[in-house]
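# Coordinate inspection notes
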Protein chains: 2
Amino acid sequence: MVQYSQTHFDASFAALSDATRRGVLEQLGRSDASITELAEKFHMTLTGMKKHVNVLERAGLVTTEKVGRVRNCRLGRSRLEEEMAWIERYRQLWSARFDALDMVVEELKQKETSNGRNKAE
Amino acid sequence: MVQYSQTHFDASFAALSDATRRGVLEQLGRSDASITELAEKFHMTLTGMKKHVNVLERAGLVTTEKVGRVRNCRLGRSRLEEEMAWIERYRQLWSARFDALDMVVEELKQKETSNGRNKAE
DNA sequence: TGAATACTGAACCATATGGTTCAATATGGC
DNA sequence: GCCATATTGAACCATATGGTTCAGTATTCA
């Protein structure tokens, strides 16, 4: 079984599973921001936003740098390549699975109509 | 701000954030399975596996059907299209953001200094 | 120096998650 | 009918999550 880096996937998908954090990523896609700015934009305390940023940072989706008293947040190094690849692979499995089902259904239909007595499973 | 269906994203990304559940999806991509079969494959109690299947089902990634005393699990209708689209959009933001900054220049400079003669690429 | 700003850490809270055990229920086969 | 199989629900447990408040600490600026 292909293993990838399971804990890495855990972290990045979990990071994406929260609407606020997805919002933060979109925001940082437009411009870098401080904790204060993000907290205001998402109507949350500084401490609350800091936790979200920590989660995003641990997932590699955001990097931060403290400049003076301000922590500047920006998009991180992760471009979600592996996550995309995983989903793409899942989609291929999905397609294969349902193509196979379609074929089976089709075959059963043909057998049914062309051969009344054969009960083989 | 584009909204998509936030709670839908929450559910599907959260579903993908667990290694066991990703494994179940891969397994179901190969063949349908009962709760018992999945529980054995992933060394877990029936009840535990049932919970995972519930999570996947709520996220639309798996559908199940009770046939006699066996619950058959198969891949569901969701092909993660919207999730792929969200990630793709994020990747575009990411690219735009870093094209705008001189991070690329930064990288080139580092390459140049660490690799004296090669100036191209 | 001293006040305002920006963040951070600790502690707390309610709820969710990932797992278990145990007891019940429903079904299949003899 | 009886027994084994397959699932399910309730209850429990430990830990994680998403948020808060409050009390610091570090930095900026007048």
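Above: the structure in question.
About the criteria used
- Residues numbered from 1 in each chain as written.
- Chains lettered and ligands numbered in written order.
- Predicted model: local features only at pLDDT ≥ 70, side-chain atom pairs only at ≥ 80, totals over all residues.
- Heavy atoms only, no water.
- Near = heavy atom within 4 Å.
- Polar contact = N/O pair within 3.5 Å; in protein donor to acceptor, adjacent residues only side chain to side chain.
- Helix = DSSP H or I, 4+ residues; strand = E, 2+ residues; numbered from the N terminus.
- Nonpolar A, V, L, I, M, F, W, Y, C, P; charged D, E, K, R; others polar.
- Pairing = 2+ DSSP bridges.
- Contact = heavy atoms within 4.5 Å.
- Axes fitted to C-alpha atoms, helices over the stretch in contact; angles between N-to-C directions.

Another point: the protein's contact with DNA strand D. Around DNA strand D sit 21 residues, and of these K51 and H52 of chain A together with T36, L46 and K50 of chain B come closest. Among the atoms of DNA strand D lying within 4 Å of the protein, the sugar-phosphate backbone contributes 63%. With respect to DNA strand D, the side chain of T45 of chain A contributes an N or O atom lying 2.6 Å from a phosphate oxygen. The separation between a base oxygen of DNA strand D and a polar side-chain atom of R69 of chain A is 3.0 Å. Only α4 (46–58) of chain A together with α3 (35–41), α4 (46–58) and β3 (70–75) of chain B provide two or more residues apiece to the surface near DNA strand D. By residue class, the composition of the surface near DNA strand D is 4 nonpolar, 8 polar and 9 charged.

This part takes up the sheet that holds β3 of chain B. All names here are of chain B. The 3 strands are arranged β1-β3-β2 in an open sheet whose pairing can be described as antiparallel. Both outer strands of the open sheet, β1 (33–34) and β2 (62–67), are each paired with one neighbouring strand and no more. Pairing of β2 with β3 involves 6 bridges; the strand directions are antiparallel. Within β3, the position partnered with E65 by the bridge is N72.

Residue and element names in this part refer to chain A. The antiparallel open sheet is built from 3 strands, whose spatial order is β1-β3-β2. Among the strands making up the open sheet, the edge pair consists of β1 (33–34) and β2 (62–67). Packed onto the sheet, helix α2 (residues 19–30) meets β1, β2 and β3 (70–75) and runs at close to 90° relative to β3. Sheet strands touched by α4: β2 and β3. Its angle to β2, the strand with the most contacts, is close to 125°.

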